[in-house]
Amino acid sequence: MPSEGRQALQPRKDDPMSAMQTPFPTRPFGRTDMAITRVGFGAWAIGGPDWAVGWGAQDDSASVAAIRHAVSRGINWIDTAAVYGLGHSEEVVAAALKDIPLSERPYVFTKAGLVWDEADRTALPKRIGKAESIKREVEASLKRLQVERIDLYQMHWPAQDGSPIEEYWQAFLDLKQEGKVRAVGLSNHSVEQLERAEALGHVDTLQPPFSAIRRDAGAAEIAWCHAHGTGVIVYSPMQSGLLTGRFTAERAAQLPADDWRSRNAEYQGENLTRNLKLADALKPIAARHNSSVAAVAVAWTLAWPGVTGAIVGARSPDQVDGWLDAATLELTADDLSEIAKAIETTGAGTGPIRLAA
């Protein structure tokens, strides 16, 4: 595991706007003026319960400790969203960063476009792309995060309210021009949608789901970004716990009703069996690197051409330490071939198995 003595902290010379130091290697984040560590802290789960896609009850003090631990070890970005916990995740992030000097804070990324009904918090939020809605959302996020500017603002999902992508993407570009956000990106969008947005103004980043189980973005979207200078931060690289090496069929059966995974097909039946076999197949690779299955799973996504970084969730400092090795772990060609064979053998997931040429 990474240790304080591995190397001296180095200033992030790539970014004159932030003096945060990190012992970890960084990668240029597309054409933005940011360079980010290979892994970032994902703040979905810490949003808490009582909303449509929650992870069950969370301990806010443990969440704050997890964020501060990740930052103290050198992770230089956090990914959250307004909808996570219906605003609560952003508030927890703000609480965690409150006492950290501005010069030592990580980049903070958040998202818009999912609007919830306070009168029915368990209903699925609506996908809204109206420009005026986006402008209201950014003000609310700025207030919850207690910042003057958001480092990366992303459209969470394609709108379903009849708003064309051109409307909401122009709203994002306007926010960047106004200085309310530093960079703008899309999440869960297709190549066709990326093309339409790019015609208006450069898509700084894309956030797709991507793991050794859910590999579909590797077939098209990530390659498009690689060709267009668009940074890519993938989410759920451990498939929300399935590829940690600690998940079991028994645990899946005991997931509470307010944990969205209890209703997801990947955690049930033959899918679950195949996924856990794939996780087991990563154990020898983890042992060879004196690392964890979780870190290997994340490193697999980072080896894919075009991927800049991976979003990894944690709800305690111990969970952070379980994947922190991925910030430096480089899988060998033999490792990648072994994982490809395991994917084939187990039949886990969908999408391309081998790395794009």
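Here the structure is a predicted model, which is why all the values come from computation and not from measurement. (Residues numbered from 1 in each chain as written. Predicted model: local features only at pLDDT ≥ 70, side-chain atom pairs only at ≥ 80, totals over all residues. Heavy atoms only, no water.)

(A) Representation of the pattern of salt bridges. Tallied over the full model, the rule gives 15 salt bridges. For the salt bridge of E166 with R196, the shortest nitrogen-to-oxygen distance reads 2.8 Å. A residue pair is termed long-range when its members are at least 10 positions apart, and E166 in helix α4 (residues 165-178) and R196 in helix α5 (residues 191-200) qualify at 30 residues. The shortest N-O distance in the salt bridge between K176 and D204 comes to 2.9 Å. On the criterion of sequence distance, the pair formed by K176 in helix α4 and D204 in the loop between α5 and β12 (205-207) is long-range, its members being 28 residues apart. A residue is classified by how much of its surface remains accessible, and D204, at 3% relative accessible area, is buried. Several salt bridges converge on common partners, so that one network encompasses D33, D151 and R182. (Salt bridge = Lys/Arg side-chain N within 4 Å of Asp/Glu carboxyl O. Helix = DSSP H or I, 4+ residues; strand = E, 2+ residues; numbered from the N terminus. Buried < 20%, exposed > 50% of the residue type's maximum accessible area, 1.4 Å probe, protein only.)

(B) Just the side chain of Q58, in detail. Topologically, Q58 is positioned in the loop between β5 (39-42) and α1 (60-73). What makes Q58 buried here is its relative accessible area of 18%. Leave out the neighbours within four places in its chain, and Q58 touches A45, I46, G48, P49 and R315. (Contact = heavy atoms within 4.5 Å.)

(C) Representation of unusual backbone geometry in the model. For D50, which is not glycine, the phi dihedral falls at a positive 65 degrees. With respect to the helices and strands, the residue D50 is situated in the loop between β5 and α1. By relative accessible area, D50 is classed as exposed at 53%. We note that N290 has phi near 50 degrees; this positive angle belongs to a residue other than glycine. With respect to the helices and strands, the residue N290 is situated in the loop between α9 (283-288) and α10 (293-302). On the basis of relative accessibility, which here comes to 63%, the residue N290 falls in the exposed class.

(D) Up close: the sheet that holds strand β13 (residues 231-234). Ordered by their spatial adjacency, 8 strands build a closed barrel running β5-β6-β7-β10-β11-β12-β13-β14, and the pairing between neighbours is parallel. Between one strand axis and the next, the sheet turns by 30 degrees as a mean value, whatever way the strands run. For strand β6 (residues 77-79) and strand β7 (residues 107-112), the ladder comprises 3 bridges, and the chain directions are parallel. Note on β7: the bridge partner recorded for I78 is V108. Packed on one face of the sheet, α10 meets β5, β13 and β14 (309-313) and runs near 150 degrees to β14. (Pairing = 2+ DSSP bridges. Axes fitted to C-alpha atoms, helices over the stretch in contact; angles between N-to-C directions.)

(E) A look at the packing of α5 against helix α6 (residues 221-228). Closest axis-to-axis distance for the α5/α6 pair is 9 Å, and the angle between their directions is 30 degrees. The pairing of α5 with α6 is recorded here as roughly parallel in orientation. Residue-level contacts link V191, L194, E195 and E198 of α5 to E221, W224, C225 and H228 of α6. Classifying every residue of the contact of α5 with α6 by side-chain character gives 4 nonpolar, 1 polar and 3 charged. (Parallel < 35°, antiparallel > 145°, perpendicular 65-115°, else oblique. Nonpolar A, V, L, I, M, F, W, Y, C, P; charged D, E, K, R; others polar.)

Nothing here speaks to function; it is all geometry.
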